[in-house]
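Listed below are the residues making up each chain.
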Amino acid sequence: MTTPTRFTDVKAVLFDLDGTLIDSAPDLGAAADLMRTTRGLPSMDLAAYRPMAGAGARGMLNIAFGMDTDHPEYNSFREEFFTNYEQRLTQDTLVFSGVAQLLDDLVQQGTPWGVVTNKSTRFTTPLTQAMPLFASAGTIISGDTTAHAKPHPLPLLEAARRLDVPPESCVYVGDDERDIVAGLAAGMKTVAATYGYLGKKSDTRQWGAHATINSALELLQLISRP
């Protein structure tokens, strides 16, 4: 798709969470790495975990142990990872550069914003309550809020419903191909955030997003003022 110079009729902006608004890779990676060190394995550098941080437990366990979801011990390892992560949700998690100013600008111009993440409520609620950044969010949709998670469009459609905004008047920003697939299926304008985790498929040009941004504040250039 051709990247437009500006979107029109934007009534709300929705964001993915990990890798788009916040850099949670240090805490996610540390939760997985603790599992390695407690088993006598050497610690791995955060750089090894970062690209797959957006995939949560699945991504972290694959990096730490080469473990896929069909591994017989996957469920027990995943719960151990969850327990570790719960104990350090915001210990080293940071807000990406420019995000706070971006959200402040959206609020000041009267554009509601929200979060649609595949992270489960078990983690999303305490994390967002602990970070002042999310006080102005109009809605926060977790991976288990609706019957389906991304790349299904249902979570995005639920967010638009809660904000009382037509899906076609929403912009969805994410750093994973699943975000763009879900946004397109929901009929929203989509933006790929290249500063995020991206995962193993890092060629965002193949995702089909309407636009791409290399920093959070670039989003403001795409949104027409009312």
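Note: the structure precedes this text.
Quick caveat, the model's predicted, so the values are computed rather than measured.

Quick notes on the rules
What you see as residue numbers is a count from 1 along each chain, following the sequence as written. Note on the predicted model: pLDDT of at least 70 is required for a residue's local features to be given, and 80 or more for side-chain atom pairs to be given and counted; whole-chain, interface and lining totals, by contrast, use all residues. Neither water nor hydrogens contribute to the side-chain values; these are computed over all heavy atoms in the structure. Put simply, DSSP H or I for four residues or longer makes a helix, DSSP E for two residues or longer makes a strand, and each gets a number counted from the N terminus. Radius of gyration: C-alpha atoms only; globule rule: 2.2 Å multiplied by the number of residues to the exponent 0.38. In what follows, a contact means two residues having at least one pair of non-hydrogen atoms within 4.5 Å. Joining through side-chain atoms within 4.5 Å is the link that ties buried Ala, Val, Leu, Ile, Met, Phe, Trp, Tyr and Cys residues into a set, and such a set is a nonpolar core. Exposure is judged per residue with a 1.4 Å probe applied to protein chains only, and the accessible area is read against the type maximum: over 50% gives exposed, under 20% gives buried, and values in between give partly exposed. Side-chain atoms alone can form a polar contact between residues adjacent in sequence; in general such a contact is a pair of N or O atoms within 3.5 Å, and within protein one must be able to donate a hydrogen while the other accepts it. Any carboxyl oxygen of Asp or Glu within 4 Å of a side-chain nitrogen of Lys or Arg constitutes a salt bridge here. Comment: arc refers to directions from the helix axis out to C-beta atoms. One bridge is not enough; two strands pair if DSSP finds at least two bridges between them. Here the axes come from fitting lines to C-alpha atoms, over the contacting stretch only for helices, and the angles between their N-to-C directions go from 0 to 180 degrees.

## Some details on the overall build of the chain
Broken down by element type, the chain carries eight helices and eight strands. Over its C-alpha atoms the chain spans a radius of gyration of 17 Å, differing by no more than 12% from the 17 Å that the globule rule assigns to 226 residues. Taken over the C-alpha atoms alone, the chain extends approximately 60 × 35 × 35 Å along its principal axes. For the chain, the proportion of contacts with a sequence separation of at least 24, taken over those separated by at least 6, is 66%.

## A closer look at the nonpolar core
Ranked by size, the top nonpolar core spans 53 residues in total, and within it Phe 15, Phe 81, Phe 134 and Leu 219 carry the most contacts. Beyond its immediate chain neighbours, meaning those up to four positions away, Phe 15 contacts Thr 20, Leu 21, Leu 102, Leu 103, Leu 106, Trp 113, Gly 114, Val 115, Val 116, Tyr 172, Val 173 and Leu 219. In terms of nonpolar packing, the next biggest core, distinct from the first, is built from 14 residues, Ala 12, Leu 14, Ile 141 and Leu 163 among them.

## A closer look at the side chain of Thr 128
Within the fold, Thr 128 resides in helix H6 (residues 121–130). Of the polar contacts made by the side chain of Thr 128, one reaches the backbone oxygen of Thr 124; its length is 2.8 Å. Thr 128 has contacts with Phe 134 and Ile 140, leaving out every residue within four places of it along the chain.

## Let's talk about the pattern of salt bridges
Note on pairing: side chains with opposite charge can pair once their charged atoms come close. Tallying each qualifying case throughout the model produces 14 salt bridges. Note that Asp 16 and Lys 150 form a salt bridge whose closest N and O atoms lie 2.9 Å from each other. A residue pair is termed long-range when its members are at least 10 positions apart, and Asp 16 in the loop between strand E1 (12–15) and strand E2 (22–23) and Lys 150 in the loop between strand E5 (139–141) and helix H7 (154–163) qualify at 134 residues. There is no split in this pair, since Asp 16 and Lys 150 are both buried. With a shortest N-O distance of 2.7 Å, Arg 161 and Glu 158 are connected by a salt bridge. Residue Arg 161 and its partner Glu 158 are located together in helix H7, separated by three residues, close to a single helical turn. Beyond isolated ion pairs, a larger network of salt bridges with shared partners links Asp 16, Lys 150 and Asp 179.

## Digging into helix H5 (residues 99–108)
For H5, the complete set of buried residues consists of Val 99, Leu 102, Leu 103, Asp 105 and Leu 106. Take H5 and look down its axis: the buried residues cluster within an arc of 160°, on one side only. Buried-residue contacts for H5 involve E1, strand E3 (94–95) and strand E4 (113–116). Once H5 finishes, Gly 110 follows within two positions and takes phi at roughly 80°, a positive value.

## A closer look at the sheet that holds strand E7 (residues 189–193)
On the basis of which strands lie adjacent, the open sheet formed by six strands has the order E5-E4-E1-E6-E7-E8 and parallel pairing. For this open sheet the edge positions go to E5 and strand E8 (211–213), each flanked by a neighbour on one side alone. Recorded for the sheet is a direction-independent mean angle of 25° between the axes of neighbouring strands. Relative to E7, strand E6 (residues 170–174) runs parallel, the two sharing four bridges. Each residue of the ladder has a partner; that of Val 173, found in E7, is Val 191. Packing against the sheet, helix H8 (residues 177–185) makes contact with E6 and E7, and its axis sits at approximately 170° to E7.

Any functional reading would require information beyond the geometric quantities listed.
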